[in-house]
Amino acid sequence: MRIAMIGSGYVGLVSGACFSDFGHDVVCVDKDESKIAALNAGEIPIFEPGLDHLVASNVKAKRLSFTADLAAAVREADAVFIAVGTPSRRGDGYADLSYAYGAAQEIAEALDGFTVIVNKSTVPVGTGDEVERIIRETNPKAEFAVISNPEFLREGAAIADFKHPDRIVIGSEDERGLEVMREIYRPLFLGGKSPLVEMSRRGAELTKYAGNAFLATKITFINEIADLCEKVGADVREIARGIGLDNRIGSKFLNAGPGYGGSCFPKDTIALLKTAQDFEAPQRIVEAVVAVNDNRKRAMGRKVIAAAGGDVRGKRVAILGLTFKPNTDDMRDSPSIAIIRALQDAGATIAACDPEGVDQARKVLDDVIFTDDPWEAIEGATAAVIVTEWDAYRALDLRRMRERLAQPVLVDLRNIYDRGAAEAAGLVYHAIGR
Ligand code: UDX
């Protein structure tokens, strides 16, 4: 199959590289000529484990290429994937679809022969209808089918998620289009590896939002149970195991922490609420999840202040981990941002480290001492706070930590240390939900 991937950002690059690895012919397109030039020079603009090798080997095999010429790529393609950004629109929280609709128009002008147009971007219910309308209006003679095929990639594990998905969701009412999609995904579902779930286009659009909202709910649920655990003297990790082994609940996404962040959950939960509002079907559970999670991030700042003795004015606090999760440089909606601001508002000086996120963090945080080295951050601090569970922070020498800290306080917002070990090292240990 010949595939054009419109948008060479996170989703486009990972999907394009993986499709080419299956043996398809893939051209990744982007408006940003400097990005295309960089990709053609072998540079990968994002941090995702394994992506550089995957891109290099498929470029070498001549199955993967990059261009700024959308029309040429579309003319040759059997399937055109739209993988452009759908950020939250400033002010009202609706998904901004201007990139997706702009792409639809450009694609329409270049269509040549029956082509499947696939929405991979996370888009609200009804976007497929609008894309179809735009294409028909722009190019009334075009033969095409518009399909929804949401992605479920986690940053840091995106290639594995793409190659071994729990399921592939395809939304279309067009049999010819479905045939093309089955052909594209054949390497994944052949032999019953990953089920192909075919449904209506609107159903597929909503599935993506419902899935992310459910996962955000699961995390928020265990976070609130963690608060209760702290009050009643239970350990949330035991509760998570105790309920998670029930197959109906499942053990994943039950790690209590400082609240979810990232490029998907915060944006998608809010966009779902907007859709719910428009269609007058309130989603009260998701409303509560969004509110609870927002409050939680700042509450974590207050937790650190309390752990440090109630007053951090003029004191240094060490933040270990800035990105919203490990193995990414992504700072979008990271809990670290709200925690650091709350501490700064209380008068603390922040020394923060992260293995990959410092460059991005500099863009969103002011007046922070950044370093790559946790020991430099910890030196002279009144408390060390683990915000992101990077492997590099999982086995720090706790005696050395106690010696370097001005006050022996470790706040572990990811539950990666053992209380006994921390206390044996002379630290006062605070965790989540235990
Ligand atoms: C998510 C979805 O998992 C993916 O399917 C979707 O397509 C995009 O959004 P991602 O945002 O990359 O992926 O990260 P994920 O691993 O899901 O974590 C999201 C946030 O939830 C992080 O801030 C993480 O720390 C938090 N989280 C996750 C928890 O606090 N506890 C958990 O048990 C799991």
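Residues numbered from 1 in each chain as written. Predicted model: local features only at pLDDT ≥ 70, side-chain atom pairs only at ≥ 80, totals over all residues. Heavy atoms only, no water.

> What's the story with unusual backbone geometry in this structure? I'm lost.
Negative phi values dominate among residues other than glycine, just as trans dominates among peptide bonds. Non-glycine residue Glu 280 carries a positive phi angle of around 55°. You can see Glu 280 is positioned in the loop between α11 (265-278) and α12 (284-307). In this model, Asn 327 sits at a positive phi of 65°, which is unusual for a non-glycine residue. By the element assignment, Asn 327 lies in the loop between β9 (316-320) and α13 (335-345). (Helix = DSSP H or I, 4+ residues; strand = E, 2+ residues; numbered from the N terminus.)

> What's the story with the site of the ligand in this structure? I'm lost.
Close contacts around the ligand come from 18 residues, with Glu 155, Asn 255, Cys 264, Lys 325 and Arg 414 the closest. Within the backbone of Leu 153, a nitrogen or oxygen atom sits 3.4 Å from an oxygen atom of the ligand. One of the backbone N or O atoms of Asn 255 is found 2.9 Å from a nitrogen atom in the ligand. Of the residues contributing to the shell around the ligand, the split by class is nine nonpolar, three polar and six charged. (Near = heavy atom within 4 Å. Polar contact = N/O pair within 3.5 Å; in protein donor to acceptor, adjacent residues only side chain to side chain. Nonpolar A, V, L, I, M, F, W, Y, C, P; charged D, E, K, R; others polar.)

> Even after reading the chapter, I still don't get the environment of Gly 42, so can you show me in this structure?
Relative to the assigned elements, Gly 42 resides in the loop between α2 (33-40) and α3 (51-60). Residue classification places Gly 42 among the exposed residues on the basis of a relative accessible area of 57%. As a C-alpha pair, Gly 42 and His 53 span eleven residues in sequence and 9.9 Å in three-dimensional space. (Buried < 20%, exposed > 50% of the residue type's maximum accessible area, 1.4 Å probe, protein only.)

> Can you walk me through the pairing of strand β2 (residues 25-29) in this structure?
The side chains of a regular strand alternate between the sheet's two faces. Both strand β1 (residues 2-6) and β2 contribute to a ladder of five bridges, which runs parallel. Within β2, the position partnered with Met 5 by the bridge is Cys 28. (Pairing = 2+ DSSP bridges.)

> Please clarify how the nonpolar core should be interpreted in this entry.
One recurring pattern in soluble globular proteins: nonpolar side chains tend to sit buried together. Core analysis: the biggest nonpolar cluster contains 38 residues, and Phe 19, Phe 66, Phe 81, Val 116, Met 181, Ile 184 and Tyr 185 have the highest contact counts within it. Element by element, the count of residues in this core is highest for helix α1 (residues 10-21), at seven residues. Contact partners of Phe 66, with chain neighbours within four places excluded, come to Leu 13, Cys 28, Ile 36, Leu 39, Asn 40, Val 55 and Val 59. By size, the runner-up hydrophobic cluster in this structure holds 37 residues, among which are Cys 229, Val 236, Ala 352 and Phe 370. (Core = buried A, V, L, I, M, F, W, Y, C linked by side-chain atoms within 4.5 Å. Contact = heavy atoms within 4.5 Å.)

> How should I be thinking about the packing of α12 against α13 in this particular structure?
When two helices pack together, their arrangement is captured by the angle between the axes and the distance separating the axes. Axis separation between α12 and α13 bottoms out at 8 Å; the angle between their running directions is 50°. Classified by the angle their axes make, α12 and α13 are oblique. When the axes of α12 and α13 are compared, the crossing they make is right-handed. Contact residues: α12 offers Lys 297, Arg 298, Met 300, Gly 301, Val 304 and Ile 305, while α13 offers Pro 335, Ala 338, Ile 339, Arg 341, Ala 342, Leu 343 and Asp 345. (Axes fitted to C-alpha atoms, helices over the stretch in contact; angles between N-to-C directions. Parallel < 35°, antiparallel > 145°, perpendicular 65-115°, else oblique. Left-handed = near helix turned anticlockwise from the far one by under 90°.)

> Just checking my understanding: could you explain α1 for this structure?
Because an α-helix packs 3.6 residues into every turn, residues spaced three or four apart end up facing the same way. Helix length check: α1 (twelve residues) gives 17 Å between terminal C-alpha atoms against 16 Å at 1.5 Å per residue, within 8%. Burial within α1 is extensive, with eleven of its twelve residues counted as buried. Where α1 terminates, the next one or two residues include Gly 23, which has phi positive at roughly 110°. (Expected span 1.5 Å × (residues − 1).)

> Please explain the UniProt feature "domain: UDP-glucose/GDP-mannose dehydrogenase C-terminal" (unreviewed entry) in the chain as it appears in this structure.
Under the UniProt annotation, "domain: UDP-glucose/GDP-mannose dehydrogenase C-terminal" (unreviewed entry) lies at residues 318-419. Span residues 318-419 is 30% helix and 20% strand, its end C-alpha atoms 19 Å apart. (UniProt positions renumbered as here; feature names shortened; annotations may be inferred.)

> When you look at the pattern of salt bridges in this model, what are you seeing that I'm missing?
In a structure, side chains of opposite charge can pair up when their charged atoms sit close to one another. On inspection of all chains with the given rule, the structure shows 31 salt bridges. The closest approach of N and O atoms between Glu 106 and Lys 31, which form a salt bridge, is 2.4 Å. One end of the pair, Glu 106, is in helix α5 (residues 98-110); the other, Lys 31, is in the loop between β2 and α2, with 75 residues separating them in the sequence. Beyond isolated ion pairs, a larger network of salt bridges with shared partners links Asp 129, Glu 132, Arg 136, Arg 201 and Arg 202. (Salt bridge = Lys/Arg side-chain N within 4 Å of Asp/Glu carboxyl O.)

> Where do I start with the sheet that holds strand β11 (residues 368-371) in this structure?
By definition, the strands of a sheet pair up through backbone hydrogen bonds, in either a parallel or an antiparallel sense. A sheet is described by the order of its strands in space; here six strands give the open sequence β11-β10-β9-β12-β13-β14, paired in parallel fashion. At either end of the open sheet lies a strand with only one pairing partner, and these are β11 and β14 (428-430). Each adjacent strand pair in this sheet contributes to an overall mean axis angle of 20°, direction not counted. Here strand β12 (residues 383-386) runs beside strand β13 (residues 409-412); their pairing, made up of three bridges, is parallel. Directly across from Ala 384, in β13, lies its bridge partner Leu 410. Contacts from α12 reach β9, β12, β13 and β14, with the element oriented near 160° to β13.

> Looking at this structure, I do not really get the domain arrangement of the chain. What am I missing?
Each assigned domain of the chain is listed with its residue range as follows: domain 1 (2-199) and domain 2 (206-434). For domain 1 and domain 2, the distance between their C-alpha centroids amounts to 33 Å. Each partner contributes to the interface: domain 1 provides 21 residues, whereas domain 2 provides 21 residues. With both chains or domains summed, domain 1 and domain 2 bury close to 1,800 Å², and 56% of this area falls on carbon and sulfur atoms. Run the count over domain 1 and domain 2 and you get two salt bridges. Here Arg 332 and Glu 155 are joined by a salt bridge, their closest N and O atoms 3.9 Å apart. The tally of links from domain 1 across to domain 2 stands at eight residue pairs in polar contact (both at pLDDT 80 or more). Here the side of domain 1 that touches domain 2 is built from residues that sort into twelve nonpolar, five polar and four charged. (Domains from an automatic or database assignment. Buried area = accessible area lost by both parts, 1.4 Å probe.)

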